[in-house]
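Here are the chains, one letter per residue:
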Amino acid sequence: MIMVTGSLANQRCSFYVLLLSIAFFIHNSGATKNSLNQQSSRCGLHATIVRQVEREGFHRDLGSLVELVAQNPLEWQNCTVALQETIPSGLYVNQDQLLDLERQGILTACPETFVDVEAAQWQSESFNVLVYSSLQTALNLLYAHIRMPIHLRYHAPTETGGYAGVYIPPPKLFIRCSNEITCGNKDSYFSAPCDGCTGSSCSWLPLQFNTNTPQQGLRVMVPVGNKSLLPVVNAVTFLVTGGGCLYILSILVSTWK
């Protein structure tokens with residue numbers, strides 16, 4: 001009986017420790033979100049981001065409409081917002097294209113690492129891009145419409161072909177103003193370039209926001225090859241290539257005669 005009682009006590013103790021661990025995890029995971037919510041409330045801002053993937057095919061646009069409802073919009077007129085986008089391995093951005101857009105004054109977007117545009121999905125890793133935009137004003141609404149070009153990478157073929165899903169997670173939202181922001185917690189500030197890909201760094205205030213994006217992110221469907229069609233593709237390729245070679249050879253022979 002003593003052994004059974006001790007075993008039950010140990011089981012109960014382990015159970016309570018497990019409950020405490022779960023509660024501690026939930027508390028810590030929600031601490032950052034609650035801190036950002038409190039920070040946004042202290043600053044008198046309510047942020048919303050509406051996102052969608054525009055266009056079709058392998059070359060698309062990631063659109064984000066950022067809206068900030070301010071209690072005192074005059075305090076936020078000379079401000080800039082930044083989105084920290086996480087680009088998954090199945091997508092990429094073209095750095096040369098982004099540089100052209102920046103020179104034209106259309107978009108300022110800065111990948112935080114070199115991007116190999118030729119690599120396939122299984123040879124790539126996810127990376128971050130900082131996207132900047134000034135804010136427009138309409139009454140107590142501050143807004144920015146951001147459209148960043150994205151491109152799909154080629155995926156490895158599968159036995160049945162079809163499509164593979166690539167998920168773009170929600171971004172992180174930051175704001176910086178020409179005047180000092182005094183309502184935020186300075187310990188939570190994010191250090192990043194002030195207004196471009198190079199130059200000095202500034203402190204950016206993180207903001208919590210509501211969004212239409214699911215928790216797992218926006219889904220983009222990418223066509224993948226069908227391995228079962230490999231013999232047919234090889235045969236057709238051989239016939240077309242061989243036929244083209246014979247045709248060119250026949251022309252050369254007739255010309256030589």
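Residues numbered from 1 in each chain as written. Predicted model: local features only at pLDDT ≥ 70, side-chain atom pairs only at ≥ 80, totals over all residues. Heavy atoms only, no water.

Any chance you could explain helix 2 (residues 95-103) here in plain terms?
Residues three or four positions apart in an α-helix share a direction because the helix packs 3.6 residues into each turn. A distance of 3.0 Å separates the backbone nitrogen of Asp96 from a side-chain oxygen at the start of helix 2, and that oxygen is part of Asn94. With its phi angle positive at about 75 degrees, Gly105 sits one or two positions after the end of helix 2. (Polar contact = N/O pair within 3.5 Å; in protein donor to acceptor, adjacent residues only side chain to side chain. Helix = DSSP H or I, 4+ residues; strand = E, 2+ residues; numbered from the N terminus.)

Can you walk me through the sheet that holds strand 6 (residues 127-134) in this structure?
The strands making up a sheet associate through backbone hydrogen bonding, with each pair oriented either parallel or antiparallel. Taken in spatial order, the 6 strands make up an open sheet running 5-6-3-10-12-11, and their pairing is antiparallel. If you trace the sheet from one side to the other, it starts and ends with strand 5 (108-111) and strand 11 (190-193), each paired once. Neighbour-to-neighbour, the strand axes of this sheet turn through a mean angle of 35 degrees, independent of strand direction. The sheet contact formed by strand 11 and strand 12 (residues 201-207) spans 4 bridges and is antiparallel. Looking across to strand 12, one finds that Ser191 is bridged to Ser203. (Pairing = 2+ DSSP bridges. Axes fitted to C-alpha atoms, helices over the stretch in contact; angles between N-to-C directions.)

What exactly am I supposed to notice about the nonpolar core here?
One recurring pattern in soluble globular proteins is that nonpolar side chains are buried together. Judged by nonpolar contacts, the single largest core of 45 residues is most densely connected at Leu68, Trp76, Met148, Leu173 and Ile175. Looking at this core, the element that brings in the most residues is strand 8 (residues 141-152), giving 6 residues. In this structure Leu173 touches Ala47, Ile49, Val66, Leu68, Val81, Ala82, Leu83, Leu205, Pro206, Leu207 and Phe209, once residues within four positions along its chain are discounted. With 9 residues, the next largest nonpolar core counts Ala82, Cys110, Phe174 and Cys202 among its residues. (Core = buried A, V, L, I, M, F, W, Y, C linked by side-chain atoms within 4.5 Å. Buried < 20%, exposed > 50% of the residue type's maximum accessible area, 1.4 Å probe, protein only. Contact = heavy atoms within 4.5 Å.)

Teacher, can you tell me more about the UniProt feature "transmembrane region" (unreviewed entry) in the protein here?
Here, UniProt's "transmembrane region" (unreviewed entry) annotation points to residues 229-253. As annotated, residues 229-253 comprises 96% helix and 0% strand, and the C-alpha atoms at either end are separated by 36 Å. (UniProt positions renumbered as here; feature names shortened; annotations may be inferred.)

What is the right way to look at the environment of Ala82 in this model?
Here Ala82 is to be found in strand 3 (residues 79-87). Through-space distance from the C-alpha of Ala82 to that of Tyr132 is 4.5 Å; in sequence the pair is 50 residues apart.

What should I look at first to understand the side chain of Arg60 in this one?
Note that Arg60 resides in strand 2 (residues 59-70). One buried charged residue, Arg60, remains without a salt bridge, the closest side chain of opposite sign being Glu56 at 4.2 Å. There is a polar contact of 2.7 Å between the side chain of Arg60 and the backbone oxygen of Gly57. Aside from chain neighbours lying at most four places away, what touches Arg60 is Val53, Glu54, Arg55, Met148, Pro149, Ile150, Leu152, Val220 and Met221. (Lys, Arg positive; Asp, Glu negative; His and termini not counted. Salt bridge = Lys/Arg side-chain N within 4 Å of Asp/Glu carboxyl O.)

How should I be thinking about the state of the cysteines in this particular structure?
Joining two cysteines, a disulfide is a covalent bond between their sulfur atoms. In total, this model carries 3 disulfides according to the counting rule given. The residue that forms a disulfide with Cys79 is Cys177, at a sulfur-sulfur distance of 1.9 Å. In this structure, the disulfide formed by Cys79 and Cys177 twists by about 95 degrees around the S-S bond and is classed as right-handed. Here the residue Cys79 occupies a position in strand 3, and Cys177 occupies one in strand 10 (residues 172-177), the gap between them amounting to 98 residues. Accessibility classification places Cys79 together with Cys177 in one group, the buried group. At a sulfur-sulfur separation of 1.8 Å, the disulfide partner of Cys194 is Cys202. For the disulfide bridge between Cys194 and Cys202, the dihedral angle about the S-S bond is near 85 degrees, and by the sign convention the bridge is right-handed. (Disulfide = S-S within 2.5 Å.)

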